[in-house]
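# Structural characterization, general
Chain by chain, the residues run as shown.
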Amino acid sequence: LLYIALYDQETAPGVHRKVQGFVEGAIEIGYSSESFIISPDGVKSYLAYLYKLLFAQQSIVVVRYLNRLGIFYLIAGLVLKYRGKKLYIDVPTPIVNLFHEIRLREQKRLVDWLDLVLICLQASLPFLSATKIIQYASEGRYFYFGARSRIIKIGNGINVNSIPARKKSPLWPANELN
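Residues numbered from 1 in each chain as written. Predicted model: local features only at pLDDT ≥ 70, side-chain atom pairs only at ≥ 80, totals over all residues. Heavy atoms only, no water.

## Section: the pairing of strand β1 (residues 2-6)
Burial of β1 is extensive: five of the five residues sit out of reach of the surface. Here β1 shows two buried faces, one formed by L2, I4 and L6 and the other by Y3 and A5. Summarising the sheet, β1 and strand β2 (residues 34-38) pair through five bridges and their orientation is parallel. Counted as the bridge partner of Y3 is S35 from β2. Viewed along the sheet, the connection from β1 through helix α1 (residues 13-28) into β2 turns out right-handed. In this sheet, strand β3 (residues 60-64) lies alongside β1 in parallel orientation, the contact comprising three bridges. Following the sheet pairing, I4 is matched in β3 by V63. (Buried < 20%, exposed > 50% of the residue type's maximum accessible area, 1.4 Å probe, protein only. Helix = DSSP H or I, 4+ residues; strand = E, 2+ residues; numbered from the N terminus. Pairing = 2+ DSSP bridges. Right-handed = clockwise from strand over helix to strand, strands pointing away.)

Written out as structure tokens, the structure is:
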């Protein structure tokens, strides 16, 4: 299993822990697994992401969804299927929520407007050739049309064994929550 993601490990430590937890969980259940993390660096980082996705040698490729590459997932899924491989798309935020988050921003930049247009035009196309779509919350109907049966809802990939037990429980400051 190969997990491909594009993010900055220093500014997104929570994302990094989640990706590493996913990979460690796959290893624990017997999959030979690794992650390939690409730091954001303009167009070349997107090209590196796509290259790694299209030419992966592993039988299962998991990608962290990027809205701006949406239509490329459709193509990559077809290429991987032709090569006998599986594409899993990990969608960290339901697309319907992403749309509303961007739409509700008070100060929208040109790139925000571009993202909104891409979200609307792509709809469920990025997911149509995926083997599975991993989500953590319910998706809007417009974004799962034709792919509903491949959506799996799971928890957020936290390996509880990686969290040390407390030596003693803290006391609540009061008997009631205010």
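## Some remarks on the sheet that holds strand β4 (residues 86-91)
Within a sheet, neighbouring strands are paired by backbone hydrogen bonds and run either parallel or antiparallel to one another. Taken in spatial order, the six strands line up as β2-β1-β3-β4-β5-β6 in an open sheet, and their pairing is parallel. Two strands in the sheet have a free side with no partner beyond their single neighbour: β2 and β6 (151-153). Strand after strand, the sheet turns through a mean of 20° between neighbouring axes, direction not considered. Of the pairings in the sheet, the one linking strand β5 (residues 132-135) to β6 comprises three bridges and is parallel in character. Residue Q135 lies in a different strand from β6, and its bridge partner there is K153. Packing against the sheet, helix α2 (residues 43-54) makes contact with β1, β2, β3 and β4, and its axis sits at approximately 165° to β1. (Axes fitted to C-alpha atoms, helices over the stretch in contact; angles between N-to-C directions. Contact = heavy atoms within 4.5 Å.)

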